[in-house]
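Notes for the structure review
Here are the chains, one letter per residue:
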Amino acid sequence: MNLRTVVDGASTDILSVANLPVLWICALGVFAVIVVQTVIYVRAARVAAPAAGMSPGELRTSFRAGAVSAVGPSLAVALVAVALLTVFGTPAVLVRIGLIGSVSFETGAASIAAGTMGADLGGPTYTQDVFAVAFMAMSLGGAMWMLATLIFTPLLKRGDVNLRKVNPAVMTIVPGAALLGAFFALGLGELPKSGNHVVAFLASAAAMAVCLGVAKVLRRRWIREWALGFAILTALVVTYFTVGAGLFPVA
């Protein structure tokens with residue numbers, strides 16, 4: 001297929017460009033890097049195990065425990081990723097969300113990027129141009145995130161130690177408050193659009209609160225990991241029925 005017939009900035013056929021071979025090649029490249037990193041870390045653990053007093057059996061047990069504990073969070077991410085396939089396409093979801101990204105960060109960055117072009121993710125104004133800008137924003141944000149982590153972690157660690165000496169509660173409250181404020185502001189920005197947006201917002205917030213409450217009562221960490229997926233599905237189901245019932249006019 002001719003690339004020029006596929007790429008049309010004004011077209012809303014997102015998947016035709018979101019699944020281009022070049023993006024698949026990039027995704028496979030990222031997979032390859034992660035596989036190589038995994039092999040390096042496993043070998044390093046085996047070399048360091050004797051010095052830490054770990055037997056080969058204990059090392060195998062730790063690997064198995066880590067693999068099992070990763071199933072819950074991985075399924076939670078996969079659940080959210082499936083819902084975003086039609087918005088970002090498979091290669092982008094695999095690279096930015098399935099492997100090295102954060103669902104909240106990536107969708108937030110894409111929403112902000114699309115908003116600067118007067119478009120909504122997945123809406124009628126979501127064209128190939130908007131997708132390209134949103135994808136670039138996600139990629140650049142992720143790259144700077146990793147680069148900043150590499151450079152500033154040693155520096156911030158010193159500040160963290162000093163702040164904890166003054167008040168240990170500071171470094172537990174400030175990061176959480178910043179994230180809560182940022183994503184709550186994104187959610188509030190959707191409320192004036194329609195009653196359906198309000199319903200989706202409230203349904204997802206209620207589902208998230210229930211999941212966190214149940215996780216705390218039952219002391220099940222995996223419920224916290226799945227909370228975002230449950231909240232998205234709840235909002236989708238509730239909004240589907242409110243739209244079908246015609247409770248609020250759809251623009």
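Remember, it's a predicted structure, so these values are computed and weren't measured experimentally.

1. Details of the overall build of the protein chain
Within the protein chain one finds 11 helices and 0 strands. Ordered by position in the sequence, the α and β elements of the protein chain form the string α-α-α-α-α-α-α-α-α-α-α. Across the 251 residues of the protein chain, 24% fall into the buried class. Considering only residue pairs separated by 6 or more positions, the protein chain has 62% of its internal contacts joining residues 24 or more positions apart. Summed over all atoms, the accessible surface of the protein chain reaches about 16100 Å², with 72% contributed by carbon and sulfur.

2. Points about the UniProt feature "transmembrane region" (unreviewed entry) in the protein chain
Following the UniProt record, one finds the feature "transmembrane region" (unreviewed entry) at residues 20–42, 63–88, 130–156, 168–186, 198–215 and 227–248. Within residues 20–42, the helical portion is 96% and the strand portion 0%, while the C-alpha atoms at the span's ends are 34 Å from each other.

3. Overview of the confidence of the model for the protein chain
When pLDDT is averaged along the protein chain, the result is 77, and 83% of the positions lie at 70 or above. Put simply, helix H1 (residues 3–6) is where the protein chain has its lowest mean pLDDT, 50, and helix H10 (residues 195–218) is where it has its highest, 88.

4. Notes on the side chain of Ser194
Here Ser194 is to be found in the loop between helix H9 (170–188) and H10. Polar side-chain contacts of Ser194 include one of 3.3 Å to the backbone nitrogen of Asn196.

5. Some remarks on H10
An α-helical turn contains 3.6 residues, so a residue and the one three or four places further along point in the same direction. Helix length check: H10 (24 residues) gives 34 Å between terminal C-alpha atoms against 34 Å at 1.5 Å per residue, within 8%. Of all the positions in H10, only Asn196, Val199, Ala203, Ala207, Cys211 and Ala215 are classed as buried. Near the N-terminus of H10, the side chain that reaches the backbone nitrogen of Asn196, with its oxygen 3.3 Å away, is that of Ser194. Note on H10: the residue one or two positions beyond its end, Arg219, has a positive phi of about 60 degrees.

6. A few points about the environment of Ala205
You can see Ala205 is positioned in helix H10. Given the relative accessible area of 39%, Ala205 is considered partly exposed. Distance from Ala205 to Ala235, taken between C-alpha atoms, is 8.7 Å for residues 30 residues apart in sequence.

Cut-off values and rules
- Residues numbered from 1 in each chain as written.
- Predicted model: local features only at pLDDT ≥ 70, side-chain atom pairs only at ≥ 80, totals over all residues.
- Heavy atoms only, no water.
- Helix = DSSP H or I, 4+ residues; strand = E, 2+ residues; numbered from the N terminus.
- Buried < 20%, exposed > 50% of the residue type's maximum accessible area, 1.4 Å probe, protein only.
- Contact = heavy atoms within 4.5 Å.
- Areas by Shrake-Rupley, 256 points an atom, 1.4 Å probe, with all protein chains shown as cover.
- UniProt positions renumbered as here; feature names shortened; annotations may be inferred.
- pLDDT = per-residue confidence, 0-100.
- Polar contact = N/O pair within 3.5 Å; in protein donor to acceptor, adjacent residues only side chain to side chain.
- Expected span 1.5 Å × (residues − 1).

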